[in-house]
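Chain residues, written in single-letter form:
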Amino acid sequence: MSKLALLGGKPTIAAETSPDMFHWPIVTKEMEDAVLEVLRDGNMSGTDITKKFEAEFAAWQGSKYALAHSSGTAALQGAMYGIGLGPGDEMICPSLTYWASAVPALSLGASVVFADIDPETLCLCPKSFEAHITPRTKAVMVVHYTAMPADMDGIMAVARKHNIKVIEDVSHAQGGLYKGRMLGTIGDVGACSLMSGKSFAVGEGGILYTDNLEIYERAILWGHHDRHSLVREETKTGAGGLPWGGYKYRMHQLSSVMGREQLKKYPVEMAEIDRAMKYFWSLLDGLPGIRWCHPKDEGSTKAGWYASRAFYDSEALQGLSINRFIEALWAEGVHHCGAGGNRPLHKHPLFYSIDIYGHGKPTARVYLPDDVDPRALTGELPETERINGRIWGEPWFKHYRPEEIRPYAEAIRKVLENYEELLPGDQWQQDKVTGNWALTRRRE
């Protein structure tokens, strides 16, 4: 009988891990008291607390302006409108990301052109970005995917060369650094989700931040009617008071007050997670078939390691499929892991053939020249199309407790040192791992 649990052996992780090792977010007494005060005051829909949160968040980022939103999706759309994305424009975006990085562009009349990833960072490849530029390219959406910083030096060089606006989606990497600079402050505007599954969690919400006054003002005009008094007259041109986009995007103050408390403790939590994850990976050093995905540049970090992905090399394990590997890990008691990442967005018909608004033609083509096909603009993205069979989500430890982390590393070591026993029963197809539209598990 094999010692692997999947083949009848005893699981490595027999004892229960502490409930808080994987629970997120960490809610403190201070958070509870602050939320209750807002509830008792009936001040959920005001903006006084939100403005304080924005000022504190901007100071943390080193940005001049911040604007809190009802969701990360709203913040990203606000950033798109803020930089002037509109009918007939194209926005380049990596295909390996959550849909909110791209779909809101369609509501602005723009088309999305997807570019390939760098297989070492899982983020936008600067060369593919440049290869997908057309005369209609207005903006690029840079996603710091699963906490990995994108190659901002390469991306910014391309963007400035072609006069393209840069939006940073920092939903996976709040507080992360690229060569010592805060993610979201390198491009023209940063935006991110702050929902409860993210590293910086406030419940539900998002935030936009920038040094550009015009971008900030346009985002206000789009979905924050009660802030129009902050906008210069030359920007709102006598049309203040009503939301230009017809949206009401302000953050409710239960989230704002959570955000203020989160700012006080998040740096400590980031450091704790970073220490735990690095310890975990130190125990796996030298094992065949896996390696971590971590910044190589000095001064670059993975912040809170949100939904972090690691690399899997099937060829180093005689073709053992990633799903068989994960199946064996689950049998050993490693339940906080999974194969793949996001499904490639460029494979979804929404960006090519769906008439969303009843124009009588696909929404993505309404404002493009008749001879331009959005699908052809994207083309093939080979790295993106095969990446889901080459990455897996490792356990996300929230606390540095070596005695609880070690069994997880021992379980992985056990599987990899005995992987040949898994080959005969491997019925999975390595190239058929599709990923999911979302990475955060939510409760129904």
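Residues numbered from 1 in each chain as written. Predicted model: local features only at pLDDT ≥ 70, side-chain atom pairs only at ≥ 80, totals over all residues. Heavy atoms only, no water.

**Student:** I'd like a rundown of the overall build of the protein, residues and numbers included.
**Tutor:** When helices and strands are counted, the protein shows 13 helices and 13 strands. For 444 residues, the compact-globule formula gives about 22 Å, and the C-alpha radius of gyration of the protein, at 23 Å, lands near that figure. Principal-axis analysis of the C-alpha atoms places the extent of the protein at approximately 80 × 60 × 40 Å. The buried share of the protein, reckoned over its 444 residues, is 57%. Sequence separation of 24 or more characterises 72% of the internal contacts of the protein that already satisfy a separation of 6 or more. (Helix = DSSP H or I, 4+ residues; strand = E, 2+ residues; numbered from the N terminus. Rg over C-alpha atoms; globule rule 2.2 N^0.38 Å. Buried < 20%, exposed > 50% of the residue type's maximum accessible area, 1.4 Å probe, protein only. Contact = heavy atoms within 4.5 Å.)

**Student:** Describe the nonpolar core, with residues and values.
**Tutor:** Ranked by internal contacts, the top residues of the largest apolar core, which has 139 residues, are F325 and W392. By residue number, the principal contributor to this core is helix α9 (residues 253–282), which donates 11 residues. The residues touching F325, leaving out its near neighbours within four places in the chain, are I290, Y312, L320, W392, I412, V415 and L416. (Core = buried A, V, L, I, M, F, W, Y, C linked by side-chain atoms within 4.5 Å.)

**Student:** Describe helix α10 (residues 322–331), listing the residues and the values that go with them.
**Tutor:** For α10, every residue scored as buried is listed here: I322, R324, F325, I326, A328 and L329. Buried residues in α10 make contact with β10 (290–292), β11 (309–312), β12 (338–339), β13 (391–393) and α13 (402–417). Positive phi shows up at G333, right after α10, with a value of about 105 degrees.

**Student:** I'd like a description of the sheet that holds β12, backed by residues and values.
**Tutor:** What the 4 strands build is an open sheet, ordered β10-β11-β13-β12; its pairing is antiparallel. Each edge of the open sheet carries a strand with a single partner, namely β10 and β12. With 2 bridges joining them, β12 and β13 adopt antiparallel strand pairing. Note on β13: the bridge partner recorded for A339 is W392. Contacting β10, β11 and β13, α9 runs over the sheet at an angle of about 150 degrees to β10. Where α10 meets the sheet, it contacts β10, β11, β12 and β13, and its direction lies at approximately 20 degrees from that of β13. (Pairing = 2+ DSSP bridges. Axes fitted to C-alpha atoms, helices over the stretch in contact; angles between N-to-C directions.)

**Student:** Residue-level account of the packing of aromatic side chains, with values.
**Tutor:** Per the stated rule, a full pass over the model turns up 25 aromatic pairs. Seen in terms of ring centroids, F200 and Y266 are 5.1 Å apart; in terms of plane orientation they differ by 80 degrees. Their pairing is edge-to-face. Of the two residues, F200 sits in the loop between β8 (189–193) and β9 (206–210) while Y266 sits in helix α9, which places them 66 residues apart along the sequence. Take F200: its relative accessible area is 0%, and that puts it in the buried class. A network of ring pairs unites the aromatic residues F22, F280, W281, Y312, F325, W392, F397 and Y408 as a single cluster. When the ring centre of Y81 is taken as origin, the NZ or CZ atom of R218, which lies over that ring, is 4.1 Å away. Between K398 and the ring centre of W396, over which it is positioned, the NZ or CZ distance is 3.8 Å. (Phe/Tyr/Trp six-rings, centres within 6.5 Å; stacked < 30°, edge-to-face > 60°. Lys NZ or Arg CZ within 6 Å of the ring centre and 35° of its normal.)

**Student:** If you had to explain the pattern of salt bridges to someone new, which residues and values would you point to?
**Tutor:** The final tally for this structure, using the stated rule, is 23 salt bridges. With a shortest N-O distance of 3.3 Å, E417 and R413 are connected by a salt bridge. Of this pair, E417 and R413 both sit in helix α13, 4 residues apart, which is roughly one turn of the helix. When its relative accessible area of 30% is taken as the criterion, R413 is described as partly exposed. Among the charged side chains, a network of salt bridges with common partners joins D20, R401 and E404. (Salt bridge = Lys/Arg side-chain N within 4 Å of Asp/Glu carboxyl O.)

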